[in-house]
Amino acid sequence: MAKLLSCVLGPRLYKIYRERDSERTPSGVPEPPTTVTTPSSSSWDTYYQPRALEKHADSILALASVAGPTPSTCSSSLSWKQRIGTSPQKTRGSLPNTTLTLGAGQLTSIGKSPAAGRSPEGALLAGVWPCFAQSPCTGGQQTPSSTREVALLPLTACHCIFPTQYNGRRAKLLACDGNEIDTMFVDRRGTAEPQGQKLVICCEGNAGFYEVGCVSTPLEAGYSVLGWNHPGFAGSTGVPFPQNEANAMDTVVQFAIHRLGFQPQDIVIYAWSIGGFTATWAAMSYPDVSAVILDASFDDLVPLALKVMPDSWRGLVSRTVRQHLNLNNAEQLCRYQGPVLLIRRTKDEIITTTVPEDIMSNRGNDLLLKLLQHRYPRVMAEEGLRVVRQWLEASSQLEEASIYSRWEVEEDWCLSVLRSYQAEHGPDFPWSVGEDMCAEGRRQLALFLARKHLHNFEATHCTPLPAQNFQMAWHL
């Protein structure tokens, strides 16, 4: 029992020495609270008195030991049986029960990766990645009040819900890099729900799992759903580097097409937060997918990494991210020709570069602007860009409607212009529509397109998206 308690409550730092009589505490002066006495007359070991940095690290280790399972308890709690045929299997992944355990575990893996090496860029990886890994969001889209309860629940308990309540089927997929990707599929094609013919592939955010993540939104909306866990998360093996993430996503899409029997035009890619990287990669690599929906995502990791690092490290941070963690969502999204819907959280505290109240620092704005500027460069000239920025400054539906009505946007006229251009020149972007148009016409078109491509959701980053807010992307 003593050894068990030591494992759970440890590690602790000790300093072993024999106190000299001259160094003992004078009589009348209370001893420091950290002194530990033994049955013998002299104190052989006392708690080591750490310096500031050591004390901080010791606190983290102690908290992680209490909050998360030890390796022995983790391996026993992670056992699960998967039925593919009649063969039970056991996961080789490690299941963190708290955000802290997950963040520390993943950062250790990243820091030890050969890609990082011992260069300054490699040493900095453990500083750039925590801007997401140790963010307030945990276990997928959970509200702050429910984070603790969900994070402390073993994810294995959630596995029972999918087969029993939704007739879900679990499978492990082998990616080209050797990683095993844990997936869960819920088939709604045989139900009365018409949207069940569509498959929504869900890409979780950081510290997100299909067991408790964004899968619940399209599931409640009646769609067929395929969820998967990032490499190194729960039942998936490996580490979540960008290339590993892309390999995992490729395997998932191939599985959906060739084993589950969905055509690309019946597949929707849905992502929350940092899951936008794998979603935009899939859209770029599989251009025939039906649509892409990005919730609380961003255009590029560099600005978000810079906000949490010292200003003097700007060059090093930018170079490190570009070489090792280049999550270039906007660049990938612009290579996709299909319908796109962006969902912006108006109180987002994670992907803003200043404060949540400064809605113009939300990197979702930049994702929208880069997409529209690529697809409609003539419309998004000076006048169009300026009016869309004004519209993005609106933090409520009332302000948004006020700006929209101020410019007297005629939606029927906008639709007729776009359809006429598409009929004459084809659907491939970029379009030159608006080239010979007056400034007023470009402003109307710019506002119309912005409103069709971005919807606001008045919530923080980790608030679950309600099923009624899950809508298909607009298309002509």
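Our structure is the block above this text.
Just so we're clear, the structure is a prediction, and the values are computed from it rather than from any experiment.

**Comments concerning the overall build of the protein**
So, step 1. Per the secondary structure count, the protein includes 20 helices and ten strands.
So, step 2. For the protein, the proportion of its 476 residues judged to be buried stands at 51%.
So, step 3. Contacts in the protein between residues far apart in sequence, at least 24 positions, make up 74% of those at least 6 positions apart.

**Observations regarding the packing of helix α16 (residues 363–375) against helix α17 (residues 382–392)**
So, step 1. Direction vectors running N to C along α16 and α17 enclose 155°, while the axes themselves pass 11 Å from each other. Taken together, the axes of α16 and α17 are roughly antiparallel relative to one another. Between α16 and α17 the crossing geometry is right-handed. Taking contact as the criterion, the partners of Asn365, Leu368, Leu369 and Gln373 in α16 are, on α17, Leu385, Val388, Arg389, Trp391 and Leu392.

**Digging into the environment of alanine 271**
So, step 1. By secondary structure assignment, the location of alanine 271 is in strand β7 (residues 267–272).
So, step 2. If we ignore the near neighbours within four places in the chain, the residues touching alanine 271 are Cys203, Gly276, Ala279, Ile293, Leu294 and Asp295.

**So, a negative patch on the surface**
So, step 1. Taken together, the side chains of Glu408, Glu410, Asp412 and Glu440 make up a negatively charged region of the molecular surface.
So, step 2. Looking at the element boundaries, glutamate 408 is found in the loop between α18 (397–406) and α19 (411–425).
So, step 3. Assessed through its relative accessible area of 58%, glutamate 408 is described here as exposed.

**Some points on α17**
So, step 1. Looking only at α17, the buried set comprises Glu383, Gly384, Leu385, Val387, Val388, Trp391 and Leu392.
So, step 2. Looking at the buried residues of α17, the elements they touch are β9 (340–345), α16, α18, α20 (439–453) and β10 (454–457).

**Re the packing of α19 against α20**
So, step 1. Two elements in contact, α19 and α20, have axes whose closest approach is 10 Å; the angle formed by their N-to-C orientations is 90°. The orientation of α19 with respect to α20, classified from their angle, is roughly perpendicular. Residues Glu411, Trp413, Cys414, Leu415, Val417 and Leu418 of α19 form the contact with α20, whose own contacting residues are Gly441, Gln444, Leu445, Phe448, Leu449 and Arg451.
So, step 2. Partitioning the contact of α19 with α20 into residue classes produces eight nonpolar, two polar and two charged.

**Focus on the nonpolar core**
So, step 1. With 70 residues, the main nonpolar core has Ile201 and Ile269 as its most contacted residues.
So, step 2. With eight residues, helix α11 (residues 242–258) is the largest single contributor of residues to this core.
So, step 3. In this structure, Val186, Val215, Tyr270 and Ala473 belong to the second largest nonpolar core, which totals 27 residues.

**Let's talk about α19**
So, step 1. Under the 1.5 Å per step criterion, the end-to-end length of α19 is 21 Å for 15 residues, consistent within 8% with the ideal 21 Å.
So, step 2. Those residues of α19 not exposed but buried are Cys414, Leu415, Val417, Leu418 and Tyr421. Take α19 and look down its axis: the buried residues cluster within an arc of 165°, on one side only. Facing away from the buried side of α19, by more than 90 degrees, are the exposed residues Asp412, Ala423 and Glu424.
So, step 3. Tucked inside the fold, the buried residues of α19 contact α20.
So, step 4. Count one or two residues on from α19 and you reach glycine 426, which has phi positive near 95°.

**Focus on the pattern of salt bridges**
Side-chain pairs of opposite charge can arise whenever the charged atoms involved come near each other.
So, step 1. Evaluation of the coordinates by the stated rule reveals 14 salt bridges.
So, step 2. The shortest N-O distance in the salt bridge between aspartate 182 and arginine 170 comes to 2.7 Å. One end of the pair, aspartate 182, is in strand β4 (residues 180–186); the other, arginine 170, is in strand β3 (residues 169–174), and twelve residues separate them in sequence. Each member of the pair, aspartate 182 as well as arginine 170, carries the same accessibility label: buried.

**Focus on the packing of aromatic side chains**
So, step 1. Under the defined criterion, the tally for this structure stands at nine aromatic pairs.
So, step 2. When the ring of tyrosine 270 is compared with that of phenylalanine 470, the centres are 4.9 Å apart and the planes differ by 75°; the resulting orientation is edge-to-face. Separated by 200 residues along the polypeptide, tyrosine 270 in strand β7 and phenylalanine 470 in the segment after β10 bring together distant segments of the chain. The same class applies to tyrosine 270 and to phenylalanine 470, which are both buried.

Rules of the game
- Residues numbered from 1 in each chain as written.
- Predicted model: local features only at pLDDT ≥ 70, side-chain atom pairs only at ≥ 80, totals over all residues.
- Heavy atoms only, no water.
- Helix = DSSP H or I, 4+ residues; strand = E, 2+ residues; numbered from the N terminus.
- Buried < 20%, exposed > 50% of the residue type's maximum accessible area, 1.4 Å probe, protein only.
- Contact = heavy atoms within 4.5 Å.
- Axes fitted to C-alpha atoms, helices over the stretch in contact; angles between N-to-C directions.
- Parallel < 35°, antiparallel > 145°, perpendicular 65-115°, else oblique.
- Left-handed = near helix turned anticlockwise from the far one by under 90°.
- Patch = residues over 30% accessible without salt bridge, like charges linked within 9 Å, V, L, I, M, F, W, Y side chains within 5 Å.
- Areas by Shrake-Rupley, 256 points an atom, 1.4 Å probe, with all protein chains shown as cover.
- Salt bridge = Lys/Arg side-chain N within 4 Å of Asp/Glu carboxyl O.
- Lys, Arg positive; Asp, Glu negative; His and termini not counted.
- Charge placed at Lys NZ, Arg CZ, Asp CG, Glu CD.
- Nonpolar A, V, L, I, M, F, W, Y, C, P; charged D, E, K, R; others polar.
- Core = buried A, V, L, I, M, F, W, Y, C linked by side-chain atoms within 4.5 Å.
- Expected span 1.5 Å × (residues − 1).
- Arc of directions from axis to C-beta.
- Phe/Tyr/Trp six-rings, centres within 6.5 Å; stacked < 30°, edge-to-face > 60°.

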